[in-house]
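# Report on the structure
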Amino acid sequence: MFKDKLAALVFGVAAAGFATQAGAQAVPAGYPADYAQTIEASKAEKGLVIYSNMADNNWQPVVEGFKAAYPWINIETLDLGSGTVHSRWEAEAGSGSRTADILISGANDRWANYGTEGRMLDYKSPELAKLPDFANPYAGVYVMSADPLVITYNAALLSEEQRPKGFASLVAAAVADPSTFDGKITTYDAARNSFGLAAWWNFMAKKGDTGWNELRQIGPMIRGETSGGPMNEKIATGEYVIGVAVSGITIFPRLEQPGGELLGFAFPDDGTIVMLRGMGIPKEAANPNSAKLFVDYALSQAGQTLIGKGGLVPYRDDVPEDQVRYTYQGLQALIGAENVIEAGFDKALIDEAPAFVAKWNAALKGE
């Protein structure tokens, strides 16, 4: 039943402004007439390879929608983790081997680096005028989604009264009851993971000394991870009882899978990190026209709606609220705009990273 509904939605949004197989050469409504040349050129290319930090269930709706619009373009998506997206592409770039046509990740220090060095194709999407200011932080770098990081807990091991509602209340609970929380708290390790670095750097930039003092109190109780999926599985099995700043796109679909009833989540009431997920086409991409079509589709109203169906959070203000779990605008209304901590692409992520990581490692030792 879900697949039938999804297929109907995919067909519907694909048809709303984008060509379907019957009229596959049509230029999307509102696009320049010479866009037809990009579409035609894509037919001589060899499909797309996308390196990302998104799982298959995140990808399925938008890939199906794109294929309905451009059926001749095959897509291979790889879920590599934020840091590996870039380290693998950097190792392969210039080697002559097949590598990514599009990169997508929350490694925002890398995006800041690419933006300042001009490593992405400076492509101006026809959708740009319909996007908010934060959508295009550097030439060739776009925001694909705006995804919250949440508190995740084992609902069987923590009673409702024991479930923290924010970082400060987690610290208070853990200090008061170390037997429950010591060694049972997890998060992204900012020293080993670019996604974690971007998340915690922005959180501490907002919280300042208060945030660092709180982290020092529970630092020795934390065991760091580099990916949200394993965090949720270990919370479900009881290896951890709680995770803080866990990517929402890993927990939202997990709640609907077997064993999902063991898990729960909360938007932190003292600051919810929202990760602006970067997307770009490398200058050396082997299939640049197909990549442009995909980027435009992902930024369109139809594509953003399907990205939301895959568990990510779309940020266009014309995405129907009733078609997705959350929109960025709906999230702001739910948790309060003042409670949103955007994890963006500040160049300080590069300049200040060594000092931040040293301070982070010390805080995890309680120092």
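Just so it is clear, the model here is predicted, and its values are computed rather than measured.

Our focus in this paragraph is the pattern of salt bridges. All told, the structure shown has 14 salt bridges when counted by the stated rule. Across the pair Glu 90 and Arg 110 runs a salt bridge, and its minimum N-O distance is 3.1 Å. Placement of the pair is Glu 90 in helix 4 (residues 82–92) and Arg 110 in helix 5 (residues 108–117), with a sequence separation of 20 residues. Linking Asp 122 and Lys 124 is a salt bridge whose minimum nitrogen-to-oxygen distance equals 2.9 Å. Residue Lys 124 is classed as exposed on the basis of its relative accessible area of 52%. The network of salt bridges with shared partners includes Glu 127, Arg 316 and Asp 318.

This part covers the environment of Asn 113. Within the fold, Asn 113 resides in helix 5. Residues Asn 113 and Tyr 138, 25 residues apart in the sequence, show an inter-C-alpha distance of 9.9 Å.

Take helix 11 (residues 288–299) next. Two residues of an α-helix separated by three or four positions point the same way, owing to the 3.6 residues in each turn. Between the first and last C-alpha of helix 11 there are 16 Å, a value that for twelve residues agrees with the 16 Å anticipated at 1.5 Å per step. When you tally the buried positions in helix 11, you get ten out of twelve residues, the bulk of the element. Looking only at helix 11, the buried set comprises Asn 289, Ser 290, Ala 291, Leu 293, Phe 294, Val 295, Asp 296, Tyr 297, Ala 298 and Leu 299.

Let us look at the nonpolar core. Formed by 69 residues in total, the largest nonpolar core has its most connected members in Trp 59, Ile 102, Leu 103, Met 279 and Tyr 315. Considering each element in turn, this core owes the most residues, seven residues, to helix 11. Ignoring sequence-local partners within four residues, the contact set of Trp 59 consists of Ile 50, Ser 52, Met 54, Thr 77, Ile 104, Met 144 and Phe 294. Grouped together as the second largest cluster of nonpolar side chains are 42 residues, Leu 149, Leu 170, Ala 198 and Leu 349 included.

As judged from the four bridges shared by strand 5 (residues 185–188) and strand 6 (residues 222–225), these two strands associate in the parallel manner. Following the sheet pairing, Thr 186 is matched in strand 6 by Arg 223. Crossover handedness for the path strand 5 to helix 8 (residues 194–218) to strand 6: right-handed. Bridge analysis of strand 5 against strand 7 (residues 242–247) gives two bridges, and the strand direction is parallel.

In this fold, Ser 82 is placed in helix 4. The exposure class assigned to Ser 82 is buried, which follows from its relative accessible area of 3%. Polar contacts involving the side chain of Ser 82 include one to the side chain of Asn 53, which spans 2.9 Å. In contact with Ser 82, not counting residues within four places along its chain, are Asn 53, Ser 105, Gly 106, Ala 107 and Phe 195.

Moving on, we get to the packing of helix 11 against helix 12 (residues 301–309). Helix-helix packing is described using two parameters, namely the angle between the two axes and the distance between the axes. Between helix 11 and helix 12, the least distance of the axes is 4 Å, while the angle of their chain directions is 75 degrees. In terms of axis orientation, helix 11 runs roughly perpendicular to helix 12. Residues Tyr 297, Ala 298 and Leu 299 of helix 11 touch helix 12, and the partners they reach there are Gln 301, Ala 302, Gly 303, Gln 304, Leu 306 and Ile 307. Within the contact of helix 11 with helix 12, the residues separate by chemical class into six nonpolar, three polar and no charged.

A few words now on helix 2 (residues 35–42). Buried within helix 2 are the following residues: Tyr 35, Thr 38, Ile 39 and Ser 42. Down the axis, helix 2 shows its buried residues gathered within 100 degrees of arc, on one side only. Where helix 2 is buried, its residues meet helix 11.

As a further point, take the packing of aromatic side chains. Tallying each qualifying case throughout the model produces 20 aromatic pairs. Ring geometry for Trp 111 and Tyr 114: centres 5.8 Å apart, planes at 85 degrees, overall edge-to-face. Taken together, the residues span about one helical turn, with Trp 111 and Tyr 114 both in helix 5 at a distance of three residues. Residue class for Trp 111 comes out buried when judged on its relative accessible area of 0%. Between Phe 265 and Phe 267, the ring centres sit 5.6 Å apart and the planes meet at 85 degrees, which makes this aromatic pair edge-to-face. Judged by relative accessible area, Phe 267 falls into the buried class, the value being 15%.

By the criterion of burial, strand 1 (residues 48–52) is predominantly enclosed, with five of the five residues buried. Taken together, the five bridges between strand 1 and strand 2 (residues 75–79) define a ladder with parallel strand orientation. From the neighbouring strand, Ile 50 faces strand 2, where its bridge partner is Thr 77. Taken together, strand 1, helix 3 (residues 56–69) and strand 2 constitute a β-α-β crossover, and its handedness is right-handed.

Once that is clear, we can look at unusual backbone geometry. At Ala 245, a position not held by glycine, the phi torsion is positive, near 60 degrees. Among the secondary structure elements, Ala 245 is positioned in strand 7. On the basis of relative accessibility, which here comes to 4%, the residue Ala 245 falls in the buried class.

What counts, and at which threshold
- Residues numbered from 1 in each chain as written.
- Predicted model: local features only at pLDDT ≥ 70, side-chain atom pairs only at ≥ 80, totals over all residues.
- Heavy atoms only, no water.
- Salt bridge = Lys/Arg side-chain N within 4 Å of Asp/Glu carboxyl O.
- Helix = DSSP H or I, 4+ residues; strand = E, 2+ residues; numbered from the N terminus.
- Buried < 20%, exposed > 50% of the residue type's maximum accessible area, 1.4 Å probe, protein only.
- Expected span 1.5 Å × (residues − 1).
- Core = buried A, V, L, I, M, F, W, Y, C linked by side-chain atoms within 4.5 Å.
- Contact = heavy atoms within 4.5 Å.
- Pairing = 2+ DSSP bridges.
- Right-handed = clockwise from strand over helix to strand, strands pointing away.
- Polar contact = N/O pair within 3.5 Å; in protein donor to acceptor, adjacent residues only side chain to side chain.
- Axes fitted to C-alpha atoms, helices over the stretch in contact; angles between N-to-C directions.
- Parallel < 35°, antiparallel > 145°, perpendicular 65-115°, else oblique.
- Nonpolar A, V, L, I, M, F, W, Y, C, P; charged D, E, K, R; others polar.
- Arc of directions from axis to C-beta.
- Phe/Tyr/Trp six-rings, centres within 6.5 Å; stacked < 30°, edge-to-face > 60°.

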